[in-house]
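Architecture at a glance
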Amino acid sequence: MSNVQIELTGVDKHYGQFHALKDINLSIEKGTFVALVGPSGCGKSTLLRSLAGLETITGGTMKIAGEVMNDVPPRKRDVAMVFQSYALYPHMRVAENLTYSLRLKGTPKEQALAAAEEVARTTGLSHLLGRFPRELSGGQRQRVAMGRAIIRHPKAFLFDEPLSNLDAALRVHMRKEIRALHDRLGATSVYVTHDQVEAMTMADRVVVMRDGVIEQEGAPLELYDKPASRFVAGFIGSPAMNFVPAMISEDGQAVLLDLPDAPRLPIGRALEPGRRVSAGLRPEHLTVTNAETAALRLPVGVVESTGSMTYISSGTDPEITVVIHGRSPLSAGEVMGLTIAPENVHLFDVESERVI
Amino acid sequence: MDISEAPAVNSRRRGNPVSRILSSIRDGNGFDILLVAAPLVFLVLLAGLPLIYNVLMSFQQVDMFTLGAWIRPFAGFDNYISVISQPEFPLVVRNTIIFVVGSMAGQFVLGFALALFFAQNFPGAATIRGLFLVSWVMPGLVVGAIWSWILAGDFGVLNAILRSLGLIEAAIFWKSDPNFSIWAVTIANIWLGLAFNMLLLSVGLAAIPKELYEAAALDGANAWKRFLTITLPMMRPTIGAVLSLGLIGTLQQFDLFPAITEGGPANSSTVAQYWAWQMSFTLYDFARGATISVMMFVLVLFASILYVRSTRSEVRG
Ligand SMILES: Nc1ncnc2c1ncn2[C@@H]1O[C@H](COP(=O)(O)OP(=O)(O)OP(=O)(O)O)[C@@H](O)[C@H]1O
Ligand SMILES: [Mg+2]
């Protein structure tokens, strides 16, 4: 058998009239960490909850570890979920929260307690076993929720925005910790987030969703380098990609941007002359050069610096953002010259928004 | 802004006593005290004084001539001894226990079952649940009259149903058979208190986050285990409150007795509260009537303490 742990074929989910998941096809190898990203309401939670069995799918096939799961109730799926609200049992102490699943299975008390202590050690909860959830901080509750999942050695871990209630610093820390745990356990994880940085840094594979459809699936850098659509291109990468309406030049070798003076950017290949396109330029791919000779000359609008990075926005419509390392001598009102390598010019069809 | 407002604040601080009290009522402690004092006065006048008067009376000799007085000859525990040595006392205690335990158990079990049923969120659940409130809106005397017909031995609906189901052969004379009379009132009271129990328990159920059940299901709990390990422990404060209020409500239930059995036949359905009323207002033995109600008050007090404690021990984090 192949190494596929989770396999979705043509999965559909309707809430009454509303079509929440549309023909989802996805296969997840054992041991991979998959991030589901997308804007609010795109169906990430719905997909995750369908995997858990908390929602029943209305079409297609869902397999976990080779078994069809469509009609299997949650308790028999052997998957663990970490909820955004953690969903800790408020009337149980941490140790009881951790051992709940084991006690249900009839594991002897000492064995369950030993397992809880083991898990508590790996998640840094050892000194908190006797506390109630209400006596824990947000980060500690998060760990208990994780521990409750880990103790079961499930076939898959499902996370629904587990870090969104934590502050920024703790979030960055927990990101690493969750990933390290995943690697240590050799687990298969599906991780829902709307934070693309979280997805890019944690995951082996990223699935970008939009309106119930998978827009693109691939390794993080693959999505960054070769976005399949304007939506993915705009979603992945921070700050977001600049989009400029444009037209293919007469010789087909360049684009003419809809900006003052119709700047001409070579694209390193030949396309149908005169075709209307949308050109995507990542802020970090634009470099500032001599304003006299550059192909792209724009007035400087706002210059913002964080010390290590400087963000320059053009005073044009559409606005073009440029990111450079270090500082910039430019100031508002000046003219900046920009260049970009031909392979970094992304072109999207105006109608279908697919990449060209 | 700051400059123009500062003098106004100062003059208010230094104002005369009346305006100081007024401003304290507007935005200081005075308002809190006022809020607490108003219900307190109400309670003392309408509950506290009658209660004290009642307790006092249970230790005094009361007759028609001293009815309006506070000070009467002291009787010690004579009234209590006399109540306990009444020939019907054991029967009344037995009836009261049957009535209280039967009513509470029936109301609670059926109420919980209905609350769980309506928590399943099927179409129309909220509307049908609302209809149950009918029993709560109706006066006890009306409920008593209706149940009096339902329970009638010869033409009653209940007998007809039981007979057609083959559960009984001869008609049961619910109201006039001494073996059944207390149960007749208990059944009516269960119906009367059902909606209240169901409603309180529904509220408790609704307060349990859905995600806890989902987490438990993923942890491997089936419906029964989820009920035992999530619902019941999370409902503990609500259950405590419902049972305590149920006890109080049942000990207060009076209307059904005159409407259904009038305590008969031969006191076979007389409970403490009805007995107390009979003593005071048909035999005009106010001392013993008061004595019985003081005994009941001690019971209610006990229930109230349980109630307060159960609402205090909130488990929800
Ligand atoms: N029980 C439900 N009944 C009807 N519609 C629902 C239900 N649950 C979700 N939806 C709809 O399905 C769509 C997807 O919801 P879902 O919760 O999966 O979004 P999401 O991607 O997780 O969003 P977020 O990032 O805000 O959590 C939304 O448009 C939502 O309105
Ligand atoms: Mg969601």
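What counts, and where the lines are drawn
- Residues numbered from 1 in each chain as written.
- Chains lettered and ligands numbered in written order.
- Predicted model: local features only at pLDDT ≥ 70, side-chain atom pairs only at ≥ 80, totals over all residues.
- Heavy atoms only, no water.
- Near = heavy atom within 4 Å.
- Polar contact = N/O pair within 3.5 Å; in protein donor to acceptor, adjacent residues only side chain to side chain.
- Areas by Shrake-Rupley, 256 points an atom, 1.4 Å probe, with all protein chains shown as cover.
- Salt bridge = Lys/Arg side-chain N within 4 Å of Asp/Glu carboxyl O.
- Helix = DSSP H or I, 4+ residues; strand = E, 2+ residues; numbered from the N terminus.
- Contact = heavy atoms within 4.5 Å.
- Buried area = accessible area lost by both parts, 1.4 Å probe.
- Domains from an automatic or database assignment.
- Nonpolar A, V, L, I, M, F, W, Y, C, P; charged D, E, K, R; others polar.
- pLDDT = per-residue confidence, 0-100.
- Axes fitted to C-alpha atoms, helices over the stretch in contact; angles between N-to-C directions.
- Parallel < 35°, antiparallel > 145°, perpendicular 65-115°, else oblique.
- Left-handed = near helix turned anticlockwise from the far one by under 90°.
- Phe/Tyr/Trp six-rings, centres within 6.5 Å; stacked < 30°, edge-to-face > 60°.
- Lys NZ or Arg CZ within 6 Å of the ring centre and 35° of its normal.
- Pairing = 2+ DSSP bridges.

1. What to know about the site of ligand 1
All names here are of chain A.
- The immediate surroundings of ligand 1 are formed by Tyr15, Phe18, Ala20, Ser40, Gly41, Cys42, Gly43, Lys44, Ser45, Thr46 and Glu161.
- Between cysteine 42 and ligand 1, the recorded distance is 3.2 Å, taken from a backbone N or O atom to an oxygen atom.
- A distance of 2.8 Å separates an oxygen atom of ligand 1 from a polar atom in the side chain of lysine 44.
- When ligand 1 sits alone it has 640 Å² of accessible area, and the protein chains cover 59% of it.

2. Things to note about the pattern of salt bridges
Residues and elements named next belong to chain A.
- One pass over the full model with this rule turns up 18 salt bridges over all chains.
- Across the salt bridge formed by aspartate 78 and lysine 155, the nearest N and O atoms sit 3.8 Å from each other. Of the two residues, aspartate 78 is situated in the loop between strand S5 (67–68) and strand S6 (79–82) and lysine 155 in the loop between helix H4 (138–150) and strand S7 (156–160); the sequence distance between them amounts to 77 residues.
- With its nearest N and O atoms 3.0 Å apart, the salt bridge here joins arginine 179 to aspartate 204. Of the two residues, arginine 179 sits in helix H5 (residues 168–185) while aspartate 204 sits in the loop between helix H6 (196–202) and strand S9 (205–210), which places them 25 residues apart along the sequence.

3. Section: the interface of chain B and chain A
- Chain B puts 20 residues into the contact, and the matching count from chain A is 21 residues.
- Of the roughly 1,900 Å² buried where chain B meets chain A, counting both sides, 62% is carbon and sulfur surface.
- Here chain B is connected to chain A by two salt bridges.
- Here Arg152(A) ties to Asp219(B) by a salt bridge, and the two come within 3.3 Å at their closest N and O atoms.
- Taken together, chain B and chain A are joined by ten residue pairs in polar contact (both at pLDDT 80 or more).
- The dominant element in the side of chain B that touches chain A, judged by the number of residues it contributes, is helix H11 (residues 210–218) of chain B, at eight residues.

4. Side note on the domain arrangement of chain B
Residues and elements named next belong to chain B.
- The domain boundaries assigned to chain B delineate domain 1 (3–57) and domain 2 (78–316).
- For the pair domain 1 and domain 2, the two sides together bury roughly 440 Å², of which 69% comes from carbon and sulfur.
- A per-residue breakdown of the area domain 1 buries against domain 2 is headed by Leu51, Asn54 and Met57, which together make up 84% of the total.
- For the pair domain 1 and domain 2, the number of links is zero salt bridges.
- Residues that form the side of domain 1 that touches domain 2 fall into these classes: three nonpolar, one polar and no charged.

5. Quick notes on the confidence of the model for chain B
Residues and elements named next belong to chain B.
- Summing up the model confidence of chain B, the mean pLDDT is 84 and the portion of residues at 70 or higher is 93%.
- Here helix H1 (residues 2–13) stands out as the element of chain B with the lowest mean pLDDT, 46, in contrast to H11, whose mean of 94 is the highest.
- Within the model, pLDDT remains below 50 along residues 1–12, and this stretch shows three contacts once partners closer than five positions in the same chain are excluded.
- Reported confidence for the predicted complex is 0.86 by ipTM and 0.81 by pTM.

6. Looking at the packing of helix H2 (residues 94–105) of chain A against H4(A)
Residue and element names in this part refer to chain A.
- For the pair H2 and H4, interaxial distance at closest approach is 8 Å and the crossing angle is 30°. By the criterion of interaxial angle, the relationship of H2 to H4 is roughly parallel. For the pair H2 and H4, the crossing hand works out as right-handed. Seen from H2, the contacting residues are Val94, Asn97 and Leu98; seen from H4, they are Val144, Gly147 and Arg148.
- Counted by class, the contact of H2 with H4 contains three nonpolar, two polar and one charged residues.

7. Let's talk about the packing of aromatic side chains
- Applying the stated rule across the entire model yields 27 aromatic pairs over all chains.
- Here the guanidinium or amino end of Lys13(A) rests over the ring plane of Tyr15(A), the centre of that ring lying 4.9 Å away.

8. A closer look at the sheet that holds strand S18 (residues 321–325) of chain A
Residue and element names in this part refer to chain A.
- The sheet built from five strands is open, its strands ordered S15-S19-S16-S17-S18 with antiparallel pairing. For this open sheet the edge positions go to strand S15 (287–289) and S18, each flanked by a neighbour on one side alone. With direction set aside, neighbouring strand axes in the sheet form an average angle of 50°.
- Both strand S17 (residues 309–314) and S18 contribute to a ladder of five bridges, which runs antiparallel. In the strand pairing of S18, methionine 309 is matched with histidine 325.

9. Quick word on the domain arrangement of chain A
Residue and element names in this part refer to chain A.
- According to the domain assignment, chain A contains domain 1 (4–235) and domain 2 (242–349).
- For domain 1 and domain 2, the distance between their C-alpha centres works out to 39 Å.
- The partner domain 2 presents seven residues to the eight residues of domain 1 that form the contact.
- Buried area between domain 1 and domain 2, both sides added, is near 650 Å², and the carbon and sulfur share of it is 57%.
- Looking only at domain 1, the three residues that lose the most surface to domain 2 are Tyr224, Arg230 and Ala233, adding up to 76% of its buried area.
- Inspection of the region where domain 1 meets domain 2 yields zero salt bridges.
- Applying the counting rule to domain 1 against domain 2 returns three residue pairs in polar contact (both at pLDDT 80 or more).
- At the level of elements, helix H7 (220–225) and helix H8 (230–235) are the ones that each hand at least two residues to the side of domain 1 that touches domain 2.
- Partitioning the side of domain 1 that touches domain 2 into residue classes produces four nonpolar, two polar and two charged.

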